[in-house]
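The primary structure of each chain is shown beneath.
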Amino acid sequence: MRENKTKEEGRERRMSSDRTWNIKWHLDKRCIWCQRTVHDDCMQSNLKIEDCDFGEFKNLIIPPSYLSAVTQLKKGKTTDYEKLASSMGKQWTPLIILANTRSGNNMGEALLSEFKGLLNPIQVFDLSNVSPFQALQLCTLLPDKSVKVLICGGDGTVGWVLDAVDEMKIKGLQSCVPQVAVLPLGTGNDLANTLGWGAGYAGDVLVEQILRNVMDADSIKLDRWKVQVTNKGYSLRKPKVLSMNNYFSVGPDALMALNFHTHREKTPSLFSSRIVNKAVYFFYGTKDCLVQECKDLNKKVELELDGERIDLPNLEGIVVLNIGYWGGGCRLWEGMGDEPYPLSRYDDGLLEVVGVYGSFHCAQIQVKLANPVRLGQAHTVRLILKSSKMPMQVDGEPWAQGPCTVTITHKTHALMLYHSGEQTDDDASSGSDHEKHEQSDEDM
């Protein structure tokens, strides 16, 4: 039994009172905070004797009474949020939702509505209307190191938000930095997959269960890297500087991403489905197998790992990895898993560097019919493109690059949330990244 009042009316009422009821004429009433429903005849007695405890998600909700008290504190020029939050309980970890409604299958709009129905609408943001940095200012009104953020979007959206978190650190708001979880809505979603949140959300999990998963998730650190691209020769332009969470590459996979990006910019309406997006990627990969636009890469580039020059075989591509997954779900560094190599970790300050012979080799690796060319692990990677123009990408954001020097160095750590409940087929056979990391820590 549910009320017939519109959600907009309910949201307005939520902003003014901790104890608000929506009314279904002649039948029942439901509290829009704790979601409990009572019969019409029981309304008066329940309203008088029963206080709303905000229900199952009370530890995630920011109640209006708290925000009202914060307003009073600001007027009095005192900001003792810790004392104010003590009444909320020790388990209170308020959650901020940041959703990119343009990601993946355009599921963001529906998710925004559902999250607003379970939480306070003031803690749910549409990133098409507000920037991540603006939304994260809500963290400054909450107790230090208590806030969690759920990003609903693809890897690009995650990078956008983590850049905003870094901006908070630069501006002296380190104590306000949140822990970040991911609900994958994009096409690749390799970071979400690495952190146990799955390869893509298709609406098959209830929003209530997503919130439970966030509450149960473990806190981990994720390496973030600085990628600096300096053009060769004299140039008045500043070096291109990007942040990397997942991987950098030059070669066939970057070419596929560039072709995909170019055509999506021309006709964005055709790229609203994750299945269509993957099919387009497959088309460009098949095309490159025939054309081989990136051949003889080893003659065009020099590679240095921690200052040591690496002799390159006849490659078409080089991939620098920070996380376990690449290319929409492939564990690239491990390959077929038939050779003993140090495990890849996302928190050890090391990058894994591999080479590929071409698009067909990439496809073989993805179906576990071949291994990559493992070039080594390093704290600093330097790649020099000596001649011609080559496609490059960082976390799925591609561009065409002329002669240059690419330097990748450690930037910072991001506080992320790892969900151990989601496992891919690869994880089921080899164990999750999180379990591997815990085992490595025990061995040390």
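Residues numbered from 1 in each chain as written. Predicted model: local features only at pLDDT ≥ 70, side-chain atom pairs only at ≥ 80, totals over all residues. Heavy atoms only, no water.

**Digging into the nonpolar core**
In step 1: With 73 residues, the main nonpolar core has Leu 98, Phe 115, Leu 136, Leu 150, Trp 197 and Met 416 as its most contacted residues.
In step 2: When residues of this core are assigned to their parent elements, the largest contribution, 6 residues, is made by helix α7 (residues 155-170).
In step 3: If we skip the residues at most four places from it in the chain, Met 416 touches Leu 162, Val 180, Val 182, Leu 195, Asp 218, Ser 219, Ile 220 and Leu 222.
In step 4: The next biggest cluster of nonpolar side chains, apart from the first, holds 32 residues, and it includes Trp 225, Val 227, Cys 294 and Val 394. (Core = buried A, V, L, I, M, F, W, Y, C linked by side-chain atoms within 4.5 Å. Buried < 20%, exposed > 50% of the residue type's maximum accessible area, 1.4 Å probe, protein only. Helix = DSSP H or I, 4+ residues; strand = E, 2+ residues; numbered from the N terminus. Contact = heavy atoms within 4.5 Å.)

**What to know about the sheet that holds strand β17 (residues 390-394)**
In step 1: Taken together, 6 strands build an open sheet; the order of strands is β15-β14-β13-β10-β17-β18 and the sheet is antiparallel. Taken across any chain shown, the strands that pair with only one partner, and hence form the sheet edges, are β15 (373-378) and β18 (397-401). When the angles between neighbouring strand axes are averaged without regard to direction, this sheet yields 15°.
In step 2: Relative to β18, β17 is paired through 5 bridges, and the arrangement is antiparallel. Residue pairing for β18: Met 390 is matched across the bridge by Gln 401. (Pairing = 2+ DSSP bridges. Axes fitted to C-alpha atoms, helices over the stretch in contact; angles between N-to-C directions.)

**Concerning the environment of Lys 300**
In step 1: With respect to the helices, strands and loops of the structure, Lys 300 is situated in helix α12 (residues 297-300).
In step 2: Between the C-alpha atoms of Lys 300 and Met 390, which are 90 residues apart in sequence, the distance is 9.4 Å.
In step 3: The contact partners of Lys 300, leaving out residues within four places of it in the chain, are Lys 295, Ile 384, Leu 385, Lys 386, Ser 387, Ser 388 and Met 390.

**Description of the pattern of salt bridges**
In step 1: A complete count under the given rule lists 11 salt bridges for this structure.
In step 2: Across the salt bridge formed by Arg 224 and Asp 166, the nearest N and O atoms sit 2.2 Å from each other. Here Arg 224, found in strand β8 (residues 218-231), pairs with Asp 166, found in helix α7; they are 58 residues apart in sequence, far enough to count as distant. Each member of the pair, Arg 224 as well as Asp 166, is classed as buried.
In step 3: We note a salt bridge from Arg 382 to Glu 304, for which the minimum N-O separation is 3.3 Å. Linking Arg 382 in strand β16 (residues 381-385) with Glu 304 in strand β11 (residues 301-305), this pair joins segments that are 78 residues apart in sequence.
In step 4: Shared partners join several salt bridges into a network, and the residues in it are Asp 163, Asp 166, Lys 169, Arg 224 and Lys 411. (Salt bridge = Lys/Arg side-chain N within 4 Å of Asp/Glu carboxyl O.)

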